[in-house]
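Residue-level structural notes
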Amino acid sequence: MGLQGWRNVLALKTSKNNNRAAWQRAFPVPLSHSQITRLYSRFHSLDKGENGALSREDFQRIPELAINPLGDRIINAFFPEGEDQANFRGFMRTLAHFRPVEDNEKNKDLTSGEPLNSRTNKLLFAFRLYDLDRDDKISRDELLQVLRMMVGVNISDEQLGSIADRTIQEADTNGDMCISFSEFIKVLEKVDVEQKMSIRFLH
Amino acid sequence: LSLSGLLEKKRSAGISLEFKFCGFFVCESEGLTVKMKKRMKMLLLLGFCCGMVFGDQNRSDPHDQRVFPVLSINYDYVQMPFEVSLWILLASLMKLGFHLLPVLSGVVPESCLLIVVGLLVGGLIRVMGKNPPVLDSQLFFLCLLPPIILDAGYFLPIRPFTENAGTILTFAVLGTLWNVFFMGAVLYGACRLEAGRLASVDLLSCLLFGSIVSAVDPVAVLAVFEEIHINELLHILVFGESLLNDAVTVVLYHLFEEFAHAGEVTVGDVFLGVVCFFVVALGGVLVGGVYGVLAAFTSRFTSHTRVIEPLFVFLYSYMAYLSAEVFHLSGIMALIACGVVMRPYVEANISHKSYTTIKYFLKMWSSVSETLIFIFLGVSTVAGPHAWNWTFVSITIVLCLLSRVLGVVGLTYIINKYRMVKLSGKDQFIVAYGGLRGAIAFSLAFLLSSDDFPMKDMFLTAIITVIFFTVFVQGMTIRPLVDLLAVKKRKQSKCSINEEIHTQFLEHLLAGIEGVCGHYGHHHWRHKLNRFNKRYIKRCLIGGERSQEPQLISFYNKMELKQALMLLESNSSANLSAGVTAAIPRQRSRKTLNISKEREEEIRKILRGNLQKTRQRVRHTHTHTHTDTHRHTHTHTVTHTLSHTHTHTLSHRHTHTHTHTLTY
């Protein structure tokens, strides 16, 4: 869908049949239209090439991501498998994970299972950032890579290795020396993920 | 076997008796060699001779000098320290006693029992005819309160506090202001309507009374909330509010006192009052911050004098409190700021033993202080001059509850618009119900001068009644109410490296996402603060190599140390040797080792730590076999990860820097 297509869709805001169902048929992501408008303007400001999609260079221009230890992984999360361009739909979809969870929003008219910003889906998003090879397991090496990114270069490999071993041993319940998604969820059950993984921007 | 006793015996019976007595004693004592027994006999003989000399002297000239006072009483010399120690001993014994009666401590919170004890002690003293001591305000504010606040501030959980800072500040400032003015106004109206004795109470006095009574008390909140184990969010909301509303209370108290003294209020004065609030609050925080930085800086150089490290922490904090009190700034906020600023740096610098010492001393002092405060409250109730007035007291109690509920509900409605995790009705109820009043209100009322406030006694009585009501009624019923409403309790979580890693991971992730959105939110600023901290501040304040240590590593080290200590304490050496042999064939026989998996991992860690320095090869082979089994899973993926693991095992020492360029 090109830029013009999106503009048409956004014009739904002023259309007469403004009901929620129609809106959600057009956007199967749980964002209100004011949020979508804001995201769209942000998308537009990031898109220097004006071609309706973002490339990796556009993301790397963001100063906050350049100094972030997890910068590369976050950028990768916006690009679907094997592609080099992120369109607005993908952009929105990724960011929709970070919408705060609302108790009173039941989303009964959504037919597609759980909303993107549910606790499980938020955790799945984080899990996928660890699990690069998408085998649904965080292996010791994947964990080591993330640890190395977070900790910097001054710490020896042995120390990181023992931390990684300890981490896996703590979380691993089925003995496969990897952290599966269910083990990941279990380990984080005491952490307030709903608050930690929500941005006020999408409030 | 005292010398005086010997002398007495000597006078009554012959020397032979004493010899026999001493001889008996010497022979009976175990473990003494013959030589030692002989020596003791010589010493005793010497003693007898001296005694005889003295005795002879006494006997020879009884008329020239009075009898040498063998046993005399000089109580005045030790009176002050003796009485202080006696009170503290009483308080500690009471605490001990409560925990021996589990039935009682399960139903009634400790603070109630302590007040009852205080009442009994006060009654006892009064029955004995003396005047029971009243809780001296200076003693309270300078000696009893600081340890509790320091303990609270030093161990304040920073993350929940900063996440809810907006809510806490709103409750503390706006909530307290609302309480003060609502109570003052309605009380004034009631006094006007009542006439009679209450007619002389003017608006200013009512407002002052309101400002004293409205403040939620940290001591009482701590005492009650500690026992109900409520979830972290509610705990930090009520507790944070009780700490931060001190600034408001101090300003309003001094303001109204000044106005009452001056007799006239202008708009300019009100404006100055608002300015004063900011000065008091921010000034207090600044003073605390300065002392905190000084303490952190000092702790950098204490590596050779580890013994006095805790002393620095205590002294700097106390000085911060006193310095703030000199300028009428908020001492509580200074103390909290000092503790919060000082803690991460001091903990990185001091030894583990000093850390334990600080922790236990703070807990001990704050516990004793709390106990003493409640006992003294009880005693002061018996002692103090009372002027009971049914109307005033009952209206006060009703108003306290009403204004608190209205304030909380109203503010939550506004706050929920800005919060991500909204406060439910249950949460609001607990926050409202947890607004306990305590000894600070009493002490502030006690400080009032009787000239400006002729109704001081009535105020005191009303405040004591409110305190009793909140502590007894609210304190006792909050636990069953928490259970009834099924409020979430605090999750008992032992520290987990997983949680730490993943929490940090999420923080980085969120900071990045906020960058993508272009939104300078919470995570962005926290990220920036962390970077500033790491780059500049840690270098100054943390000595040695630990300034470069990432937070994750220090967390991990602390955890390991704790586990190793636990292991040493709990396990006997026999178990340890059995576990060592079982540790090695780990990969193969998984099922049989499941029971001691935890322990065997600890043992491996300790072994690893020991062997790391001396024999690198053992460690080396360990990693080699480890990645060997993993190589199979990696053959199907991109080749660069395969080579990464390959170089990692074979020459991890030499290509230390190289491996990193590969992954990036």
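What counts and how
Residues numbered from 1 in each chain as written. Chains lettered and ligands numbered in written order. Predicted model: local features only at pLDDT ≥ 70, side-chain atom pairs only at ≥ 80, totals over all residues. Heavy atoms only, no water. Helix = DSSP H or I, 4+ residues; strand = E, 2+ residues; numbered from the N terminus. Buried < 20%, exposed > 50% of the residue type's maximum accessible area, 1.4 Å probe, protein only. Contact = heavy atoms within 4.5 Å. Areas by Shrake-Rupley, 256 points an atom, 1.4 Å probe, with all protein chains shown as cover. Buried area = accessible area lost by both parts, 1.4 Å probe. Salt bridge = Lys/Arg side-chain N within 4 Å of Asp/Glu carboxyl O. Polar contact = N/O pair within 3.5 Å; in protein donor to acceptor, adjacent residues only side chain to side chain. Nonpolar A, V, L, I, M, F, W, Y, C, P; charged D, E, K, R; others polar. Patch = residues over 30% accessible without salt bridge, like charges linked within 9 Å, V, L, I, M, F, W, Y side chains within 5 Å. Lys, Arg positive; Asp, Glu negative; His and termini not counted. Charge placed at Lys NZ, Arg CZ, Asp CG, Glu CD. Domains from an automatic or database assignment. Expected span 1.5 Å × (residues − 1). Core = buried A, V, L, I, M, F, W, Y, C linked by side-chain atoms within 4.5 Å. Phe/Tyr/Trp six-rings, centres within 6.5 Å; stacked < 30°, edge-to-face > 60°. Lys NZ or Arg CZ within 6 Å of the ring centre and 35° of its normal. pLDDT = per-residue confidence, 0-100.

Another aspect to go through is the overall build of chain A. Summing up its helical and strand segments, chain A has 12 helices and 4 strands in all. The buried share of chain A, taken over its 203 residues, is 54%. Pairs at least 24 apart in sequence give 58% of the contacts found in chain A among residues at least 6 apart. A total of about 9300 Å² of accessible surface is found on chain A, and carbon and sulfur atoms cover 50% of it.

The next point concerns the overall build of chain B. Per the secondary structure count, chain B includes 28 helices and 0 strands. Out of the 664 residues in chain B, the part that is buried amounts to 47%. Once local pairs closer than 6 in sequence are excluded, the contacts in chain B between residues at least 24 apart make up 80%.

On to the interface of chain B and chain A, then. Facing the 67 residues of chain B at the interface are 63 residues of chain A. Buried surface at the junction of chain B and chain A, summed over both partners, amounts to about 6500 Å²; 63% is from carbon and sulfur atoms. Across the chain B-chain A interface, the total number found is 2 salt bridges. Two residues, Glu 560 of chain B and Arg 166 of chain A, come together in a salt bridge whose shortest N-O distance is 2.5 Å. The interface formed by chain B and chain A includes 11 residue pairs in polar contact (both at pLDDT 80 or more). Of all the secondary structure elements, the ones that give two or more residues to the side of chain B that touches chain A are helix 21 (497-517), helix 22 (522-541), helix 23 (551-570), helix 25 (597-614), helix 26 (616-634), helix 27 (639-650) and helix 28 (656-663) of chain B. Broken down by element, the side of chain B that touches chain A gets its largest block of residues, 19 residues, from helix 21 of chain B. Class assignment for the residues of the side of chain B that touches chain A results in 20 nonpolar, 28 polar and 19 charged.

Turning our attention to a positive patch on the surface. Together, Lys 186 and Lys 190 of chain A together with Lys 426, Lys 488 and Lys 491 of chain B line one region of the surface with positive charge. By secondary structure assignment, the location of Lys 190 of chain A is in the loop between helix 11 (181-187) and helix 12 (193-196).

Residue and element names in this part refer to chain B. Domain parsing of chain B yields domain 1 (137-485) and domain 2 (497-618). For the pairing of domain 1 and domain 2, the buried interface totals around 1200 Å² over both sides, and the portion due to carbon and sulfur atoms is 51%. Three residues, Arg 159, Arg 300 and Tyr 345, lead the burial of domain 1 against domain 2; their summed loss comes to 47% of the area buried on that side. For the interface between domain 1 and domain 2, the tally reads 2 salt bridges. At the surface where domain 1 touches domain 2, the tally comes to 2 residue pairs in polar contact (both at pLDDT 80 or more). Of all the elements in the fold, those that place two or more residues in the side of domain 1 that touches domain 2 are helix 8 (158-163), helix 13 (267-299) and helix 15 (331-349). No other element matches the 4 residues that helix 15 contributes to the side of domain 1 that touches domain 2. The residue makeup of the side of domain 1 that touches domain 2, split by class, is 5 nonpolar, 3 polar and 4 charged.

With that settled, the discussion passes to the pattern of salt bridges. When the charged atoms of two side chains lie near each other, side chains of opposite charge can form a pair. Inspection of the entire model under this criterion finds 16 salt bridges over all chains. Glu 507 of chain B is the salt-bridge partner of Arg 159 of chain B, the closest N and O atoms lying 3.4 Å from each other. Placement of the pair is Arg 159 of chain B in helix 8 and Glu 507 of chain B in helix 21, with a sequence separation of 348 residues. Look at Arg 159 of chain B and you get partly exposed, because its relative accessible area is 27%. Judged by relative accessible area, Glu 507 of chain B falls into the buried class, the value being 14%. The partner of Arg 306 of chain B in a salt bridge is Glu 309 of chain B, and the shortest N-O contact between them spans 2.8 Å. Each of Lys 196 of chain A together with Arg 159, Glu 163, Glu 507 and Arg 526 of chain B takes part in a single network of salt bridges with overlapping partners.

Checked against the element boundaries, Asp 483 of chain B lands in helix 20 (residues 456-485). Sequence separation between Asp 483 of chain B and Met 458 of chain B is 25 residues, and the spatial gap between their C-alpha atoms is 37 Å.

Moving on, we get to helix 14 (residues 309-326) of chain B. Residues and elements named next belong to chain B. With 18 residues, helix 14 extends 26 Å between its outermost C-alpha atoms, agreeing within 8% with the 26 Å of an ideal straight helix rising 1.5 Å per residue. Contacts from the buried residues of helix 14 go to helix 7 (137-154), helix 13, helix 15 and helix 16 (352-383). His 328, located one to two residues past helix 14, shows a positive phi value of around 60 degrees.

As a further point, take a nonpolar patch on the surface. A cluster of nonpolar side chains, contributed by Ile 73, Tyr 75, Tyr 77, Val 78, Phe 82, Leu 86, Leu 89, Leu 93 and Leu 96 of chain B, occupies part of the molecular surface with about 1000 Å² of accessible area. With respect to the helices, strands and loops of the structure, Tyr 75 of chain B is situated in helix 4 (residues 75-100).

Moving on, we get to the nonpolar core. Residues Phe 140, Leu 145, Ile 212 and Phe 225 of chain B are the most contacted members of the largest nonpolar core, which totals 135 residues. With 16 residues, the single largest contributor to this core is helix 12 (residues 232-262) of chain B. Among residues more than four places away in sequence, those in contact with Phe 225 of chain B are Ile 230, His 235, Val 238, Ile 430, Gly 434 and Ile 478 of chain B. Counting residues in each nonpolar core, the second largest holds 65 residues, with Phe 91 and Leu 123 of chain A together with Leu 506 and Cys 517 of chain B among its members.

So, about the packing of aromatic side chains. Following the criterion strictly, the structure yields 31 aromatic pairs over all chains and no others. Put simply, the rings of Tyr 40, Phe 43, Phe 59, Phe 78, Phe 79, Phe 88 and Phe 91 of chain A touch in pairs and so form one group of aromatic residues. Between the NZ or CZ atom of Arg 56 of chain A and the centre of the ring of Phe 79 of chain A, over which it lies, the distance is 4.5 Å. Sitting above the plane of the Phe 155 of chain B ring, Lys 363 of chain B keeps its charged end 4.5 Å from the centroid.

The next thing to look at is the side chain of Gln 428 of chain B. Residues and elements named next belong to chain B. Tracing the chain through its elements places Gln 428 in helix 18 (residues 425-433). Looking at Gln 428, its side chain comes within polar contact range of the main-chain oxygen of Leu 423, at 3.5 Å. Apart from residues lying up to four places away in sequence, Gln 428 is in contact with Val 408, Val 409, Thr 412, Asn 416 and Leu 423.

With that out of the way, let us pick up the confidence of the model for chain B. All names here are of chain B. Of all residues in chain B, 76% have pLDDT values of 70 or greater, and the mean over the chain is 76. Mean pLDDT across the elements of chain B bottoms out in helix 27 (37) and peaks in helix 14 (93). Ignoring residues within four places in sequence, the model shows residues 53-62, a span with pLDDT below 50, making 2 contacts including any to other chains. Predicted confidence is poor over residues 615-664, with pLDDT under 50, and the contacts of this stretch with residues over four places away or in other chains come to 44 contacts. The complex prediction reports pTM at 0.72, with the ipTM value standing at 0.84.

With that settled, consider unusual backbone geometry. All names here are of chain A. A positive phi angle, near 65 degrees, is found at Asp 136, a position not held by glycine. Within the secondary structure, Asp 136 sits in the loop between helix 8 (119-130) and strand 3 (137-138). For Asp 136, a relative accessible area of 49% gives the class partly exposed.

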